[in-house]
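Here are the chains, one letter per residue:
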Amino acid sequence: MKTDCPTVDLAQPEVWREPAGLIAGWFEQPVRAGRIASTGGLMLFRHADVQAALCDTTLGAMGTRAFDQIGWTEGPFVDWMRHNVVALDPPDHTRLRSLVSRVFTPRRVAQMAPQVYQAAHELADQIADDREVDFYKTFAQRLPLTIICSMLGIPEVDHGQMQRWTEAINTATGIPRVSARSAADDAIQSMGLYVNGLTEERRQSPRQDLLTALVESHDQGERLSAVELPAMVIQILVAGHETTRNLIGNGLFTLVQHPDQMNDLRNNPSLIENAVEEMIRFEPPLIWVARLAKQPAKLAGEGVGTGELILLNLAAANRDPEVHKEPQNFDVRRKSIRALSFGMGAHFCIGASLARLEARIAFEVLLTRFSQIDFFGPKPQFAAYTALRTLEELSLRFTAA
């Protein structure tokens with residue numbers, strides 16, 4: 001039985017705040033896709049269809065298509081996106097990705113565990129002193145930011161500035177207002193100047209860090225152009241901590257709402273690794289990703305034309321009842337978790353192993369160091385108009401063990 005596609009209005013903030021909950025009823029209907037009200041583009045939401053699209057080589061990376069559609073066609077941010085590895089197709093995507101893939105192998109990532117534990121305990125010390133904190137700012141963001149900055153060799157004194165710049169950039173990833181576009185342009189321009197300064201330092205004084213490796217890739221083999229080098233460093237900084245911030249922040253937000261399961265993890269730390277996978281499924285760090293049709297095709301039974309933007313709703317796909325039983329329930333003991341939050345195929349998140357390590361250690365440390373974690377202040381609310389699944393604020397009260 002064929003029915004017309006339901007529509008999704010991306011101008012409505014709740015579509016961003018509840019990307020899975022608002023369309024949960026669609027799984028009970030004979031529909032396999034939705035249409036974006038403003039553009040007519042396709043949105044896939046079923047697990048099988050999203051997974052197939054992620055691996056479909058006839059679909060291209062988004063490029064700057066989404067920004068073109070809202071009239072944002074020039075400026076530092078859009079120029080950066082034109083050279084951003086996540087927005088490119090092979091062969092450029094393959095070439096750029098290969099430069100950093102060896103740094104994020106599971107074996108190399110596992111060797112970073114002592115550094116992650118140290119950073120997590122230092123941040124927990126500060127929480128213990130303050131007791132009432134915005135968890136995103138004091139821990140969830142600072143832990144992965146500390147690690148990725150260390151990998152690149154960015155001085156600790158500049159970490160706060162990196163955080164402010166990357167926040168401005170990520171605010172522009174959805175349907176940004178004019179003020180957000182301006183802030184993102186300023187951030188990209190400032191980061192580019194900063195990165196260029198650091199690369200010159202590495203040429204004069206090479207170090208054993210990722211930035212030196214990228215500089216040498218440019219200088220020796222021309223595998224990175226003068227434009228691609230700062231673009232790659234900025235992308236590593238942005239992607240290297242913002243999504244992990246959301247994983248840790250959203251994960252603790254969910255646990256505080258399920259105190260029985262939080263206590264279960266305290267009593268059974270061996271469950272934490274599986275709990276992280278459930279967090280990745282239940283409240284993914286990223287709401288959706290986009291793909292571009294390179295040629296006319298049929299997806300989920302619907303026709304798409306060349307150049308059409310296809311939105312892959314990761315949050316909804318993770319809650320497909322065909323794949324996960326009682327998907328609207330959070331369960332740290334859930335078996336056979338098949339979350340699509342880190343993508344699949346050529347664009348699978350290169351930092352997934354690092355994100356999982358940081359999240360696992362974060363919850364080990366937090367649940368060991370604190371016997372009680374509670375909400376205080378205003379009710380937390382997810383941000384709208386950004387592809388990142390992030391809370392605007394997460395005020396928590398911590399009681400030391």
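This one's a predicted model, so the numbers in the text were calculated from it and none came from an experiment. (Residues numbered from 1 in each chain as written. Predicted model: local features only at pLDDT ≥ 70, side-chain atom pairs only at ≥ 80, totals over all residues. Heavy atoms only, no water.)

### A short note on the overall build of the chain
Helix and strand content of the chain: 18 helices and 11 strands. Against the 2.2 N^0.38 benchmark of 21 Å for 401 residues, the chain shows a C-alpha radius of gyration of 21 Å, consistent with a compact globule. Each of the three principal axes of the chain carries a C-alpha extent, and together these read 60 × 55 × 40 Å. Burial status across the chain gives 54% buried among its 401 residues. Contacts in the chain between residues at least 24 apart in sequence constitute 72% of all its contacts with a sequence separation of at least 6. For the chain, the accessible area works out to roughly 17,200 Å², and carbon and sulfur atoms hold 50% of it. (Helix = DSSP H or I, 4+ residues; strand = E, 2+ residues; numbered from the N terminus. Rg over C-alpha atoms; globule rule 2.2 N^0.38 Å. Buried < 20%, exposed > 50% of the residue type's maximum accessible area, 1.4 Å probe, protein only. Contact = heavy atoms within 4.5 Å. Areas by Shrake-Rupley, 256 points an atom, 1.4 Å probe, with all protein chains shown as cover.)

### So, a positive patch on the surface
On the surface, R102, R107, R108 and R223 cluster together into a positively charged patch. Locating R102 in the fold gives a position in the loop between α5 (92–101) and α6 (106–110). A relative accessible area of 41% means that R102 is categorised as partly exposed. (Patch = residues over 30% accessible without salt bridge, like charges linked within 9 Å, V, L, I, M, F, W, Y side chains within 5 Å. Salt bridge = Lys/Arg side-chain N within 4 Å of Asp/Glu carboxyl O. Lys, Arg positive; Asp, Glu negative; His and termini not counted. Charge placed at Lys NZ, Arg CZ, Asp CG, Glu CD.)

### So, the sheet that holds strand β4 (residues 59–61)
Strand order in the open sheet formed by 6 strands is β1-β2-β3-β9-β6-β4, with mixed pairing between adjacent strands. With one partner strand each, in any of the chains shown, β1 (7–8) and β4 form the two edges of the open sheet. On top of the sheet, helix α2 (residues 47–54) reaches β3 (42–44), β4, β6 (288–293) and β9 (309–313); it is set at about 125 degrees to β9, its chief contact. (Pairing = 2+ DSSP bridges. Axes fitted to C-alpha atoms, helices over the stretch in contact; angles between N-to-C directions.)

### Topic: the packing of aromatic side chains
Under the counting rule described, the total for this entry stands at 15 aromatic pairs. Taken together, F67, W72, F77 and W80 form an aromatic cluster joined through their ring pairs. The side chain of R389 reaches across the aromatic face of F382, ending 3.5 Å from its centre. (Phe/Tyr/Trp six-rings, centres within 6.5 Å; stacked < 30°, edge-to-face > 60°. Lys NZ or Arg CZ within 6 Å of the ring centre and 35° of its normal.)

### A few points about the pairing of strand β2 (residues 33–36)
Neither face of β2 is left uncovered, since the one carrying A33 and R35 and the one carrying G34 and I36 both have all their residues buried. Of the pairings in the sheet, the one linking β1 to β2 comprises 2 bridges and is parallel in character. Note that in β2 the partner of T7 across the bridge is R35. As consecutive antiparallel partners, β2 and β3 are separated by 5 residues, and within that stretch G40 has a phi angle of approximately 80 degrees, a positive value.

### Describing the environment of P259
Topologically, P259 is positioned in helix α15 (residues 259–267). Classification of P259 by relative accessible area gives partly exposed; the value is 46%. Counting along the chain gives 27 residues from P259 to L286, while the straight-line C-alpha distance between them is 25 Å.

### So, the nonpolar core
Counting 118 residues, the largest nonpolar core has F77, F135, F139, L214, L252 and F398 as the members making the most contacts within it. The leading source of residues in this core is helix α18 (residues 352–369), at 11 residues. (Core = buried A, V, L, I, M, F, W, Y, C linked by side-chain atoms within 4.5 Å.)

### Here we look at the packing of helix α7 (residues 113–130) against α18
Viewed as axis vectors pointing N to C, α7 and α18 meet at an angle of 40 degrees, and their least axial separation amounts to 9 Å. One way to sum up the angle between α7 and α18 is to call them oblique. In the packing of α7 onto α18, the handedness of the crossing is right-handed. Within the contact between the two elements, α7 uses A113, V116, Y117, A120, H121, A124, D125, I127 and A128 and α18 uses L357, E358, R360, I361, E364, V365, L366 and R369. (Parallel < 35°, antiparallel > 145°, perpendicular 65-115°, else oblique. Left-handed = near helix turned anticlockwise from the far one by under 90°.)

### So, the pairing of strand β11 (residues 395–400)
Taken together, the 3 bridges between strand β5 (residues 132–134) and β11 define a ladder with antiparallel strand orientation. Counterpart to V133 in the pairing with β11 is L396. With 5 bridges connecting them, strand β10 (residues 370–375) and β11 associate as antiparallel partners. Bridge pairing links I373 to F398 in β11.

### A short note on the packing of helix α9 (residues 142–152) against helix α10 (residues 159–170)
Close contact between α9 and α10 brings their axes to 10 Å; oriented N to C, the two are set at 110 degrees. Judged by the inter-axis angle, α9 sits roughly perpendicular to α10. Considering the relative orientation of α9 and α10, their crossing is right-handed. Contacts from R142, L145, T146 and C149 in α9 reach H159, M162 and Q163 in α10. Residues of the contact of α9 with α10, tallied by class, amount to 3 nonpolar, 3 polar and 1 charged. (Nonpolar A, V, L, I, M, F, W, Y, C, P; charged D, E, K, R; others polar.)

### A closer look at the side chain of S395
The residue S395 is located in strand β11 in this model. Overall, the relative accessible area of 6% leaves S395 in the buried class. A polar contact is formed between the side chain of S395 and the side chain of E393, at a distance of 2.8 Å. Here S395 is in contact with V133, D134, D374, F375 and F376, once residues within four sequence places are set aside. (Polar contact = N/O pair within 3.5 Å; in protein donor to acceptor, adjacent residues only side chain to side chain.)

### Brief notes about unusual backbone geometry
Negative phi characterises most residues that are not glycine, and trans characterises most peptide bonds. In this model, P90 is joined to P91 through a cis peptide bond whose omega is 5 degrees. Along the chain, the position of P91 falls in the loop between α4 (76–82) and α5. For R131, which is not glycine, the phi torsion reads 70 degrees and is therefore positive. Looking at where R131 falls in the secondary structure, it is placed in the loop between α7 and β5. Even without a glycine there, the phi angle at S336 is positive, about 50 degrees.

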